[in-house]
Each structure stands twice: as structure tokens, then as C-alpha cells.
Amino acid sequence: MRRAAVVGTAVLLRLSRRRWVQVALAAGVAIAVVCALVAIGSHGLAREDEFRRAAAALLLLGGLALAVALGSAALNTDADTGALGMMAGAGASRGEVVAGAVGARVAVLAVALVAWGVVLQIGSAALGLGLDGPMAVHALAVAEGLLLTLLACSAASSVVGPLAAGAFGVALYVTAQAAVNLKAAADQALIGTADAGVNLLYYVAPRTITSPMLAELQLRDAAGAAAPRVEINGNTVLIPTSGWDSVLWTLFWCALLALACVAGFRRRPLG
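Residues numbered from 1 in each chain as written. Predicted model: local features only at pLDDT ≥ 70, side-chain atom pairs only at ≥ 80, totals over all residues. Heavy atoms only, no water.

Another point: the environment of leucine 238. Looking at where leucine 238 falls in the secondary structure, it is placed in the loop between strand 2 (235–237) and helix 11 (244–266). Measuring from C-alpha to C-alpha, the distance between leucine 238 and alanine 184 comes to 6.8 Å, with 54 residues separating the pair along the chain. Apart from the residues within four sequence positions on either side, leucine 238 is in contact with Ala184, Gln188 and Leu219. (Helix = DSSP H or I, 4+ residues; strand = E, 2+ residues; numbered from the N terminus. Contact = heavy atoms within 4.5 Å.)

Put into C-alpha cells, the structure is as follows:
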């Protein structure tokens, strides 16, 4: 673990000096400020909806962009340049190299989400809404989906290039969201005879986590880009709040993807 921490620290320091990482963090903070500004002209529930809709879009879309960018280059770019090979040659096992490299990227994502979340809470207080507990819970729910995406990209990056790894991570996230949406539709008897296939997908695939805040916004068609209303055959699908079973199941998938990172990297030549 000590050598994994050394690898992680080295990768984290290198990432912190990357201009695109600095720009992404700063852009998220600036957009979080904008989220509060767009709600200034509204009042009451409309103000709260405007703010939460914008904030949810930032956390999801901005977080996904950052997670894909971080994960898709986790184990291919540095391996090809020889940076990870040098660390392995210095005595770290491949598992420790993976733990450090991927862990550093998870840390960057976590720092970004915390920074954006703090600014959003300040914005909520400035709007007279006080500290927003549901928003904090929503940020945690989004973070799990982003972790899943980053690890999926990282696992793919152990065997393919950045573009293919990023595409795989996005595809897995879309599949996780589809599993949740289709299961809700099946439970509401909106998809007819396809229930068996939907249940198979739901109980096998990872799942995105729907927070109480997002479920409420979507119910009132006020969630915006973060959770547009889902319709099947002209009928609106109501997406319920996720239970702890979904949270734990997706964490299990995260663990599987972390193991896949190690397995793929063991077979990768180091430059």
C-alpha cells in the first residue's frame, strides 16, 4: 500500500499541473456561480427549481466530461510514454501501479465534486434557500455514477486507446441509466411483453442512482438536462428514488471494474 500511495502521489502531482485539469476545475466553479445567478430573478419554488435544475446539470454533465477525460487516459497514455513502466521498474507491482494511477484520478474527480458542491451550497445560501441537504445527497448519488464511469474508462484504457476507452465508459453509463428507466417503465406496465428482458438487464447491469431531489424534479418535469422526462408509447415514466440495493449493486460493479483495471494492465506492455 505504501508504494501504491507513492505512485498515486506522483500521478496526482502530475495531474494537478495539467492545464486542462485546472481549467475543468475552474470552469466548474464558475458554472456553479452561474447556477445561482440564473435563479436570482425567480422567487419561491420557481427559484429553488431553477437553481437545482442548473446545479444538477453541472454535476452530471460536467462530472461526466471530467470522469471520461480522467479515466480514458488512466492506464494507456502514461504506459505508452514509459511513466508507469518507470514506477513498476522502481519496485511497485502492477497492481500497486494501477491502484496509484487510478486512485489519483478518483481523487481529482472527488476534489472537483467537493469544490463544485461547496460553491453550490454557498450559492444556495446566497439565494436565501439555506444549506441544501437534498442537493448534498444528490451530489453523492451522482458521484457514484461518475465513479462507475471513471472506472469503466480506466478498465478499458488498460487494453485500448483513450477514444475507445472513453466511448466504453459512456456506453456503460448509458446502459446503467437505461436499466433504471426501463425497469421503472416495466413496473408501471408500460412496455408490454418485454418485462423478462428488462428484468434481466436491471439485475445484471449496473444502475445509476436517482436521488430524492432528482425524482421530485422529474416528477414535476423540472429536472432539465440532468433528467429529462422519459416517455414510452406516449406515456410518462416516473423514475423512483433508488434504494440501498441499487447503491450497493453499483458499488459492487465499481469493485469489478477496479479488478478489471488490474487484470487488463497485467497484460499490457509498458513503454
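Of the positions making up helix 10 (residues 212–219), those classed as buried are Met213, Leu214, Ala215, Leu217 and Gln218. Summarising the contacts, the buried residues of helix 10 are in contact with helix 3 (44–71), helix 7 (133–157) and strand 1 (230–232). Positive phi shows up at aspartate 221, right after helix 10, with a value of about 55 degrees. (Buried < 20%, exposed > 50% of the residue type's maximum accessible area, 1.4 Å probe, protein only.)

Moving on, we come to the nonpolar core. In this structure, Phe51, Leu75, Val102, Leu109, Leu120 and Leu257 are the most contacted members of the largest nonpolar core, which totals 57 residues. Mapped onto this core, the elements with two or more residues apiece are helix 1 (2–16), helix 2 (19–37), helix 3, helix 6 (94–126), helix 7, helix 8 (162–187), helix 10 and helix 11. Here the element with the most residues in this core is helix 6; it accounts for 12 residues. Ala184, Leu190, Val198 and Ile239 belong to the second-largest nonpolar core, a separate cluster that totals 11 residues. (Core = buried A, V, L, I, M, F, W, Y, C linked by side-chain atoms within 4.5 Å.)

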